[in-house]
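An overview of the molecular structure
As a plain string of letters, each chain reads:
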Amino acid sequence: MIAHQAEALVLRTWPVHEADQIVSLFTRDQGKLKGIAKSSAKSRRRFGGALEPMTYVLASYVEKPRQDLVRLDSCEILSSPLSEPVDYARAAALAFFAEILEETLPDHDPQDSVFRLALAVLDHTRTGHIWLPVTYFGLWILRLMGWMPDIVHCTLCGRSFAREPAYFHIEADGLLCSDHKQPAARVLSSGSLEIAARILHTPVAALATEEWPRGRTADLRRFTMQALERHLERRLHAASALAKLGG
Ligand SMILES: [Zn+2]
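The notes below deal with the structure included here. Residue numbers restart at each chain and count upward from 1, following the sequence in its written direction. This being a predicted model, a pLDDT of at least 70 is required before a residue's local features are given, and a value of 80 or more before pairs of side-chain atoms are given or counted; all residues contribute to the totals for chains, interfaces and linings. Heavy atoms throughout the structure, all of them, feed into the side-chain values; hydrogens and water do not.

Things to note about the pattern of salt bridges
In plain terms, the rule: Salt-bridge detection follows one rule: a side-chain nitrogen of Lys or Arg within 4 Å of a carboxyl oxygen of Asp or Glu. In this scheme, a residue with accessible area under 20% of its type's maximum is buried, one over 50% is exposed, and one in between is partly exposed, where area comes from a 1.4 Å probe on protein chains only.
In this structure the tally under the stated criterion is 17 salt bridges. For Arg71, the salt bridge identified is with Asp73, shortest N-O distance 2.8 Å. Given a relative accessible area of 24%, Asp73 falls into the partly exposed group. Measuring nitrogen to oxygen at the nearest pair gives 3.6 Å for the salt bridge that ties Glu84 to Arg126.

Rendered as structure tokens:
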């Protein structure tokens, strides 16, 4: 048996047996893993509110040989998303981060850059301020997973978009120029292409000083969600919740 203590983000929980829960954790040192938290639904002494999705915790757990599940002994809250007000929109943003991490990360594969990205966007996800962190996180996940197409040139002919819009299609990777766009392609404005380039070169804290109303970069979010869903080969529940908010 090996005992660990690690920084982690709680992704989701499932009830099992009477009062136990399976917990999916994204640990900094060991990547994503699943643990069993005994009696966590009954006794709140060891876990308190620490098992809410996207809680940043110091997790103590024990690995046993030949067992997939670790034994989760306790979680000390380092930062809880519940320490600030949660409305429907902020809950949808938090659920989006948790679902993307759960679905994209392989088990037992540490991804420190993804961990730092998640902590950075969490810090800026506040009531009334969700659209920058959601857009930033989605775009950076595409980049870090190696799923980001060229956002400067047409995938087919290599022509620079310069100050022109680009076009994307739900069933195809890449961005195309106006000459090569497919039927039913959606448009990504030149303003949103510029913002995408800034997002990929600027810390979220520096962008958070600007106004990010819902309508800003809505086309960029649609592009990002479609690309994520295509690569994951499934619909994202949280993406449709965000789309219902008009984002
Ligand atoms: Zn082209």
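Points about empty space enclosed by the protein
The line we're drawing: Here a cavity means grid points, on a 1 Å grid over the protein atoms only, where a 1.4 Å probe fits yet cannot get out; a pocket means an open set of points with protein on both sides within 12 Å along at least five of seven lines; lining residues are those with an atom within 4 Å of a point. Grid points are joined across faces, edges and corners, and a volume is the space filled by probe spheres set on the points.
According to the stated counting rule, one finds one cavity of 30 Å³ or more in the structure shown. Roughly 40 Å³ of volume is contained in the largest cavity. Every residue along the wall of the largest cavity is listed here: Phe168, His169, Ala172, Asp173, Gly174, Phe223, Gln226, Ala227 and Arg230.

Considerations on the pairing of strand β4 (residues 56-63)
Where we set the bar: Helix and strand assignments follow DSSP, with helices taken as H or I runs no shorter than four residues and strands as E runs no shorter than two, numbered in order from the N terminus. Strands were regarded as paired on the criterion that DSSP finds at least two bridges between them.
Of all the eight residues making up β4, six are buried; the element is thus mostly covered by neighbouring parts of the structure. Relative to β4, strand β1 (residues 2-16) is paired through eight bridges, and the arrangement is antiparallel. Residue Ala8 lies in a different strand from β4, and its bridge partner there is Val57. Pairing of β4 with strand β5 (residues 70-79) involves seven bridges; the strand directions are antiparallel. Paired with Ser60 across the two strands is Ser74, which belongs to β5. Count of turn residues in the β4/β5 antiparallel hairpin: six residues, of which Arg66 carries a positive phi of about 60°.

Thoughts on the packing of aromatic side chains
Rules: Side-chain rings of Phe, Tyr and Trp, where Trp is taken by its six-membered ring, are said to pair if the distance between their centres is within 6.5 Å; with planes under 30 degrees apart they count as stacked, over 60 as edge-to-face, and otherwise as tilted. Each ring is checked for a lysine NZ or an arginine CZ that lies within 6 Å of its centre and within 35 degrees of its normal; such an atom marks a charge sitting over the ring.
Scanning the entire structure with this criterion turns up seven aromatic pairs. Seen from their ring centres, Phe26 and Phe115 are 5.2 Å apart, and the 65° between their planes marks the pair as edge-to-face. Here the residue Phe26 occupies a position in strand β2 (residues 20-27), and Phe115 occupies one in helix α2 (residues 112-123), the gap between them amounting to 89 residues. With respect to class, Phe26 is no different from Phe115; both count as buried. Seen in terms of ring centroids, Tyr56 and Phe115 are 6.2 Å apart; in terms of plane orientation they differ by 65°. Their pairing is edge-to-face. Placement of the pair is Tyr56 in strand β4 and Phe115 in helix α2, with a sequence separation of 59 residues. You can call Tyr56 buried: its relative accessible area is 16%. On the basis of relative accessible area, Phe115 is assigned to the buried category, the value being 0%. Over the ring of Trp140 we find Arg143; its NZ or CZ atom is 5.3 Å from the centre of that ring. Note that Arg216 overlies the ring of Trp212, its terminal NZ or CZ placed 3.8 Å from the centroid.

Looking at the environment of Pro106
Mapping Pro106 onto the fold places it in the loop between α1 (88-104) and α2. By relative accessible area, which is 39% here, Pro106 ends up partly exposed. For the pair Pro106 and Val86, spaced 20 residues apart in sequence, the C-alpha separation works out to 29 Å.

Notes on the coordination of the zinc ion
Rules: In this listing, donors mean N, O and S atoms no farther than 2.8 Å from the metal, or 3.2 Å for Na, K and Ca; water is missing from the atoms, so a site can look incomplete. Only two sets of limits are used to name each site, 85 to 135 degrees for every angle of a tetrahedral four-donor site, and over 155 degrees for opposite donors with all other angles from 65 to 115 for a square planar four-donor or octahedral six-donor site, with any other site named irregular.
Surrounding the zinc ion are the protein donor atoms Cys154 (SG), Cys157 (SG), Cys177 (SG) and His180 (ND1), which sit 2.1 to 2.4 Å from the metal. Angles of 95 to 125° at the metal separate the four donor atoms of the zinc ion, which places the site in the tetrahedral class. All donors of the zinc ion come from a single chain, and their spacing in sequence reads C-x2-C-x19-C-x2-H. Of this pair, Cys157 sits in the loop between α3 (131-144) and β6 (166-168) while Cys177 sits in the loop between β6 and β7 (186-188); the two residues are 20 residues apart in sequence, bridging distant segments of the chain. Judged by its relative accessible area of 1%, Cys177 is buried.

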